[in-house]
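Each chain, letter by letter, is given below.
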Amino acid sequence: QVQLVESGGGLVQAGGSLRLSCKAPPSIFSINAGGWYRQAPGNERELVARITSSGITNYAESVEGRFTISRDKGERTVYLQMNSLKPEDTAVYYCNADKVKYDPFDGIRDVNYWGKGTLVTISS
């Protein structure tokens, strides 16, 4: 089972910025589609941002205009740039990949890989 590795979480004051990274191991050639999710205590896990295999991005209404999802296939990495952070953004953020390539000569495969999560805490 492939595990993605998130990084970049931490404690930041309201109004600040963080950039989360999600990197796949070398067994994955590229992440082609996936998203970022978050879960606060007592809440359901919600989709924050998603990027499709064609590069189309989608965002939760609560983060639209503040967060940006991007990918670097060469780095096997998906990013989430978070600006103008609010206390209500506090949560554990998880990365998911659902379309990957295992090598440059193969097609895109449907998968369901997750990371262990990174904690983002926004103080007021």
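Structure: see above.
All of these numbers come straight from a predicted model, not from anything done at the bench.

Analysis parameters
- Residues numbered from 1 in each chain as written.
- Predicted model: local features only at pLDDT ≥ 70, side-chain atom pairs only at ≥ 80, totals over all residues.
- Heavy atoms only, no water.
- Helix = DSSP H or I, 4+ residues; strand = E, 2+ residues; numbered from the N terminus.
- Rg over C-alpha atoms; globule rule 2.2 N^0.38 Å.
- Buried < 20%, exposed > 50% of the residue type's maximum accessible area, 1.4 Å probe, protein only.
- Contact = heavy atoms within 4.5 Å.
- Areas by Shrake-Rupley, 256 points an atom, 1.4 Å probe, with all protein chains shown as cover.
- Lys, Arg positive; Asp, Glu negative; His and termini not counted.
- Charge placed at Lys NZ, Arg CZ, Asp CG, Glu CD.
- Core = buried A, V, L, I, M, F, W, Y, C linked by side-chain atoms within 4.5 Å.
- Salt bridge = Lys/Arg side-chain N within 4 Å of Asp/Glu carboxyl O.
- Phe/Tyr/Trp six-rings, centres within 6.5 Å; stacked < 30°, edge-to-face > 60°.
- Lys NZ or Arg CZ within 6 Å of the ring centre and 35° of its normal.
- Pairing = 2+ DSSP bridges.

## Comments concerning the overall build of the protein chain
Tallying secondary structure elements over the protein chain gives 0 helices and 11 strands in all. Counting helices and strands in the order they occur from the N terminus, the protein chain gives β-β-β-β-β-β-β-β-β-β-β. In summary, the protein chain has a C-alpha radius of gyration of 14 Å against a globular reference of 14 Å for 124 residues, a match within 12%. The C-alpha extent of the protein chain, read off along each of the three principal axes, is 50 × 25 × 25 Å. Looking at the protein chain as a whole, 42% of its 124 residues qualify as buried. Contacts in the protein chain between residues at least 24 apart in sequence constitute 58% of all its contacts with a sequence separation of at least 6. Here the protein chain has roughly 6500 Å² of accessible surface; of this, 48% comes from carbon and sulfur atoms. The distance from the centre of the 14 positive side-chain charges to the centre of the 13 negative ones in the protein chain is 4 Å.

## Focus on the nonpolar core
Counting residues in each nonpolar core, the largest one holds 30 residues, and the members touching the most others are Leu4, Trp36, Phe67, Leu80, Met82, Tyr93 and Tyr113. When contributions to this core are tallied by element, the ones reaching two or more residues are strand S3 (18-23), strand S4 (30-39), strand S5 (46-51), strand S7 (67-72), strand S8 (77-82), strand S9 (91-101), strand S10 (109-115) and strand S11 (118-123). Tallying contributions element by element places S9 first for this core, with 5 residues. If we ignore the near neighbours within four places in the chain, the residues touching Leu4 are Cys22, Lys23, Ala24, Ile31, Cys95, Asn96, Ala97, Tyr113, Trp114, Gly115 and Lys116.

## Remarks on the pattern of salt bridges
Here the structure, examined in full by the defined rule, presents 7 salt bridges. Ionic pairing is found between Asp110 and Lys99, a salt bridge with its closest N-O pair at 2.8 Å. Within this pair, whereas Asp110 is found in strand S10, its partner Lys99 is found in strand S9, the two being separated by 11 residues in sequence. For Lys99, a relative accessible area of 25% corresponds to the partly exposed category. Within the structure, one salt-bridge network assembled from shared partners comprises Arg38, Glu46, Arg66 and Asp89.

## Comments concerning the packing of aromatic side chains
Per the counting criterion, the structure on display carries 1 aromatic pair. Aromatic pair Tyr37 and Trp114: ring centres 5.1 Å apart, planes at 55 degrees, arrangement tilted. Remark: Trp114 occurs in strand S10 and Tyr37 occurs in strand S4; sequence separation between them is 77 residues. The ring of Tyr94 carries Arg45 above its face, with NZ or CZ at 3.8 Å from the centroid. For the cation-ring pair, Arg45 lies above Trp114, with the distance from its terminal atom to the ring centre recorded as 5.0 Å.

## Let's talk about unusual backbone geometry
Within the chain, Arg76 stands out as a residue other than glycine whose phi angle is a positive 55 degrees. Here Arg76 lies in the loop between S7 and S8. Positive phi, normally seen in glycine, also occurs at Ser84, with a value near 50 degrees. Take Ser84: it is sitting in the loop between S8 and S9. On the basis of relative accessibility, which here comes to 42%, the residue Ser84 falls in the partly exposed class.

## Focus on the pairing of S3
Moving residue by residue along a regular strand, the side chains alternate between the two faces of the sheet. Two strands pair when backbone bridges link them, and strand S1 (residues 3-7) and S3 are joined in this way by 3 bridges, in the antiparallel orientation. Residue Ser7 lies in a different strand from S3, and its bridge partner there is Ser21.

Any link to function would need more than the numbers given here.
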